[in-house]
Amino acid sequence: MISGQRGFPPVLWQGESKMDIFSTITAAGVASLIFSLINCLFGFRLQKFWVGLVCFLFGGVVLSLIASHLTSTGWVHAAAFFVGGAVLAALSFRLYLASLFVFSLGLVWMSACWLIPSHWAGHVAGIVAGVLAGVLVVKLTRPAIILLTAATGGFSAAKSVFLLLGLDAQAGSGMFWAMAAVGLAAAVLGAVFQFRSTKA
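All figures in this text were calculated on a predicted structure; none of them were measured in a lab.

1. Things to note about helix H3 (residues 74-92)
What sets the pattern is the α-helix's 3.6 residues per turn: residues three or four places apart point alike.
Moving on, step 1. Under the 1.5 Å per step criterion, the end-to-end length of H3 is 27 Å for 19 residues, consistent within 8% with the ideal 27 Å.
Moving on, step 2. Three or more residues of H3 are buried, namely His-77, Ala-80, Gly-84, Gly-85, Ala-89 and Ser-92. End-on, the buried residues of H3 take up no more than an arc of 145 degrees, which puts them together on one face. Residues of H3 that are exposed and angled more than 90 degrees away from the buried face: Trp-75 and Phe-82.

2. Focus on the nonpolar core
Moving on, step 1. By size, the foremost hydrophobic cluster in this structure holds 21 residues, and its most contacted members are Phe-103, Val-137 and Leu-148.
Moving on, step 2. Counting only elements with at least two residues in this core, the list comes to helix H2 (47-70), helix H4 (96-115), helix H5 (119-140) and helix H6 (142-164).
Moving on, step 3. At seven residues, the largest contribution of residues to this core is made by H4.
Moving on, step 4. Every residue in contact with Phe-103, bar those within four places of it in the chain, is listed here: Trp-50, Val-51, Val-54, Cys-55, Leu-148 and Thr-149.

3. Examining the packing of aromatic side chains
Moving on, step 1. Evaluated as defined, the whole model comprises six aromatic pairs.
Moving on, step 2. Summarising the aromatic geometry, the rings of Phe-56 and Phe-81 are spaced 5.7 Å apart at their centres and angled 90 degrees between planes, so their arrangement reads as edge-to-face. Taken together, the residues span a long stretch of sequence, with Phe-56 in helix H2 and Phe-81 in helix H3 at a distance of 25 residues.
Moving on, step 3. Classification of Phe-56 by relative accessible area gives partly exposed; the value is 23%.
Moving on, step 4. A relative accessible area of 22% places Phe-81 in the partly exposed class.
Moving on, step 5. Arranged with centres 6.4 Å apart and planes meeting at 55 degrees, the rings of Phe-56 and Phe-82 form a pair that is tilted. Of this pair, Phe-56 sits in helix H2 while Phe-82 sits in helix H3, and the two are 26 residues apart along the sequence.
Moving on, step 6. Residue classification places Phe-82 among the exposed positions, given a relative accessible area of 54%.
Moving on, step 7. Members of the aromatic cluster, each reached through a chain of ring pairs, are Phe-56, Phe-81 and Phe-82.
Moving on, step 8. A cation over a ring is seen here: Arg-142 above Phe-44, with NZ or CZ 5.9 Å from the ring centre.

4. Things to note about the packing of H4 against H6
Moving on, step 1. Packing of H4 against H6 leaves a shortest axis separation of 10 Å and a crossing angle of 20 degrees. The angle between H4 and H6 falls in the class roughly parallel. Of the two elements, H4 crosses H6, and the hand of that crossing is left-handed. In this structure, H4 uses Leu-100, Phe-103, Ser-104, Leu-107, Val-108, Ser-111, Trp-114 and Leu-115 to contact H6, whose residues at the interface are Ile-145, Leu-148, Thr-149, Thr-152, Phe-155, Ser-156, Lys-159, Ser-160 and Leu-163.

5. Observations concerning the environment of Val-108
Moving on, step 1. Tracing the sequence through the fold places Val-108 in helix H4.
Moving on, step 2. Separated by 41 residues in sequence, Val-108 and Thr-149 place their C-alpha atoms 9.2 Å apart.

6. Concerning the side chain of Lys-159
Moving on, step 1. Looking at the element boundaries, Lys-159 is found in helix H6.
Moving on, step 2. On the basis of relative accessible area, Lys-159 is assigned to the buried category, the value being 14%.
Moving on, step 3. With near-sequence residues (within four places) excluded, Lys-159 lies in contact with Trp-114, Leu-115 and Met-179.

The rules behind the values
- Residues numbered from 1 in each chain as written.
- Predicted model: local features only at pLDDT ≥ 70, side-chain atom pairs only at ≥ 80, totals over all residues.
- Heavy atoms only, no water.
- Helix = DSSP H or I, 4+ residues; strand = E, 2+ residues; numbered from the N terminus.
- Expected span 1.5 Å × (residues − 1).
- Buried < 20%, exposed > 50% of the residue type's maximum accessible area, 1.4 Å probe, protein only.
- Arc of directions from axis to C-beta.
- Core = buried A, V, L, I, M, F, W, Y, C linked by side-chain atoms within 4.5 Å.
- Contact = heavy atoms within 4.5 Å.
- Phe/Tyr/Trp six-rings, centres within 6.5 Å; stacked < 30°, edge-to-face > 60°.
- Lys NZ or Arg CZ within 6 Å of the ring centre and 35° of its normal.
- Axes fitted to C-alpha atoms, helices over the stretch in contact; angles between N-to-C directions.
- Parallel < 35°, antiparallel > 145°, perpendicular 65-115°, else oblique.
- Left-handed = near helix turned anticlockwise from the far one by under 90°.

Encoded structure:
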């Protein structure tokens, strides 16, 4: 009989691999839930941190995607990610209104890709809704930032909870509407909390 890795039988090794994958997914889900709740409740207070972080991720992803079309070398993709992220994050602290627009666009785009299972639908919906959100945030600033962070944080937190519970919340299913209801409730509570705990 051919033994598995580290001298264990194949069945035991496969079971160990599945447990590692499960642990990784659970850890990622918990981290996503914590991140989403912080965004939902303290988005406006932490706006400068979020702006820098989202601009870093957005700039990194965009430049990395461009690099992936030019070369298949992995280290080039990684370098492009860090360079694009660093440049956009640095610019975000100098160009406030422009950075708010990019922050809103990036936050909505990433949230849409996370919430919508269809790859292209998530990208298109995220970009369109992100541009609209960016314009509103630049025009209205405080109320728009509060509503934006409460909504994206609330719905992302709801999806994280459903994933951690192993519930199928694909679009069109009954669980999807249950998740949407939980996300809406979290968004409303987050917005109320932020409006009451911050000054105009």
